[in-house]
Amino acid sequence: MMRRAATAARHPRRALAAQLVWSQEGASLARRYRLLNSSLIRWPCEIRWVAAFDAFVVDDGEASLIVPRKARLWKYRDGVAQRLEALAREFGASDLPLNPSEPVIDCGANVGEFSLWAARTTGCRVIAVEPDPVEFAALERNLAPSGATAVHAGLWHEPGEMQIYLGNDRGDTTLIDPGGSPPTTTVRTVTLDALCLEVAPDGVIGLLKLEAEGAEPEILAGAEETLRRTRFVTVDVGPERGPARESTAPAVTTLLTDAGFRLRALVPSRPSMVFEASIGT
């Protein structure tokens, strides 16, 4: 937000152009963006509206994504490829020695940015899990060319059906009640152990990435067998759990340490924590 305010102060014409674009919806937004981008806004990507998807397509020539939320388009101001790489750095994944023969499991995949980075950069098989129905529709389409597996479910410590709290524009959909009466729907819940038994039943799992808006401890509690054969775990531990907006770092650290992992890196900018198995998988 501060960056955008500073840019507006230095470039008032660009700020006015951006306002004219982002005040629109759907096809009108894409049309105004196309007219104003080359001369004023100057993002290195195209934005198109696809009515059949009820979503935008953002394309920088290197990578493209279906994005259903106007509020999240600003994340691609430096290009789609840059966004994928930046997200990998935020999760401390860029420097991990990932083996192409070992799958990556992306829990809380949203529209598939981290999944696409993993598939494109490492050659790993990717399994992406997303509970939000709108984001999942985009995820499934985004991952189709890569051969990654998209799973529509909420991850929890037991199977069933639960109410899910929708924070769509912010990417904050969660199974933990955030307070404030957000919109809700219901979703099938599975444990990570049960999911992996179905989609990755044997062998070493290279990386488990968790971003569950505060539900990370519950996911890990249902992943005992999965963790035994996982080499790396990266977890978003930002203050997002419940109305008090608590960090899950203490609970995540305890659960993973008890499972035989050691802390490898802390990335304060997100914040995220990267753990490495300290015993053989």
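Provided above is the structure to which this section pertains.
Computed from a predicted structure; not experimentally measured. (Residues numbered from 1 in each chain as written. Predicted model: local features only at pLDDT ≥ 70, side-chain atom pairs only at ≥ 80, totals over all residues. Heavy atoms only, no water.)

Undergrad: What am I meant to see in the layout of surface pockets here?
TA: Where empty space is left can be seen by rolling a probe of water-molecule size over the atoms. What the largest pocket holds in volume is close to 1000 Å³. Broken down by secondary-structure element, the contributors of at least two residues to the lining of the largest pocket are α4 (80-90), α5 (113-122), β5 (126-130) and β7 (154-155). Counting residues per element, the lining of the largest pocket draws most heavily on α4, at 6 residues. (1 Å grid on protein atoms, 1.4 Å probe; cavity = no way out; pocket = protein on both sides within 12 Å on 5 of 7 lines; lining within 4 Å. Points joined across faces, edges and corners; volume = space filled by probe spheres on them. Helix = DSSP H or I, 4+ residues; strand = E, 2+ residues; numbered from the N terminus.)

Undergrad: How should the nonpolar core be read in this particular structure?
TA: Note that soluble globular proteins tend to have their nonpolar side chains buried in a common cluster. The biggest cluster of nonpolar side chains holds 46 residues, and the ones touching the most others in it are I47, V58, V104, F114 and L207. Elements with a contribution of two residues or more to this core: α2 (12-22), α3 (26-41), β2 (55-59), β3 (64-67), α4, α5, β5 and α6 (133-143). With 5 residues, α5 is the single largest residue contributor to this core. In contact with F114, other than residues within four places in its own chain, are L87, A88, F91, A93, V104, D106, L207 and K209. Counting 38 residues, the second-largest nonpolar core is a separate cluster that includes V151, L195, V235 and L256. (Core = buried A, V, L, I, M, F, W, Y, C linked by side-chain atoms within 4.5 Å. Buried < 20%, exposed > 50% of the residue type's maximum accessible area, 1.4 Å probe, protein only. Contact = heavy atoms within 4.5 Å.)

Undergrad: What is the right way to read the sheet that holds strand β9 (residues 184-190) from this model?
TA: Whenever strands of a sheet pair, they do so through backbone hydrogen bonds, lying parallel or antiparallel. The strand order across the open sheet formed by 3 strands is β7-β9-β8, and the pairing between neighbours is mixed. The sheet terminates laterally at β7 and β8 (160-165), the two strands that pair on one side only. Pairing of β7 with β9 involves 2 bridges; the strand directions are parallel. By the bridge assignment for β9, G154 is matched with T189. (Pairing = 2+ DSSP bridges.)

Undergrad: Mind showing me how you'd approach the pattern of salt bridges here?
TA: Between side chains of opposite charge, a pair can form when the charged atoms approach closely. Taken as a whole, this structure holds 16 salt bridges when the rule is applied. Between D106 and K209 there is a salt bridge; the shortest N-O distance is 2.7 Å. Here the residue D106 occupies a position in strand β4 (residues 104-107), and K209 occupies one in strand β10 (residues 205-210), the gap between them amounting to 103 residues. K209 matches D106 in its accessibility class, with the two residues each being buried. It is possible to trace a salt-bridge network through shared partners that takes in E90, D106, K209, E211, D236 and R270. (Salt bridge = Lys/Arg side-chain N within 4 Å of Asp/Glu carboxyl O.)

Undergrad: Just to check I follow, could you spell out the environment of S115 for this structure?
TA: By secondary structure assignment, the location of S115 is in helix α5. Among the residues examined, S115 registers a relative accessible area of 0% and is labelled buried. Distance in space between the C-alpha atoms of S115 and L84 is 8.9 Å, their sequence separation being 31 residues. For S115, the residues in contact, after removing those within four places along its chain, are D106, A109, V126, A128 and L143. Polar side-chain contacts of S115 include one of 2.7 Å to the side chain of D106. (Polar contact = N/O pair within 3.5 Å; in protein donor to acceptor, adjacent residues only side chain to side chain.)

Undergrad: Help me out: how do you make sense of α2 in this one?
TA: An α-helical turn contains 3.6 residues, so any two residues separated by three or four positions project in the same direction. Within α2, the full set of buried residues consists of A17, A18 and V21. For α2, the arc enclosing every buried residue in end-on projection is 100°, short of the 170-degree limit, so these residues lie on one face. Away from its buried face by more than 90 degrees, α2 exposes P12 and Q19. On its buried face, α2 is in contact with α3. (Arc of directions from axis to C-beta.)

Undergrad: Help me understand the packing of aromatic side chains, please; the structure alone is not making it clear to me.
TA: Applying the stated criterion across every chain yields a total of 6 aromatic pairs. Arranged with centres 5.7 Å apart and planes meeting at 70°, the rings of F91 and F114 form a pair that is edge-to-face. In this pair, F91 is assigned in the loop between α4 and β4 and F114 in helix α5, connecting sequence segments 23 residues apart. Overall, the relative accessible area of 0% leaves F91 in the buried class. Taking 5.5 Å as the distance between ring centres and 45° as the angle between the ring planes, the aromatic pair formed by F114 and W117 counts as tilted. Remark: W117 and F114 occur in helix α5; sequence separation between them is 3 residues, near one turn of the helix. When sorted by exposure, F114 lands in the same class as W117, which is buried. Taken together, the aromatic side chains of W22, Y33 and W43 make up a single cluster linked through ring pairs. (Phe/Tyr/Trp six-rings, centres within 6.5 Å; stacked < 30°, edge-to-face > 60°.)

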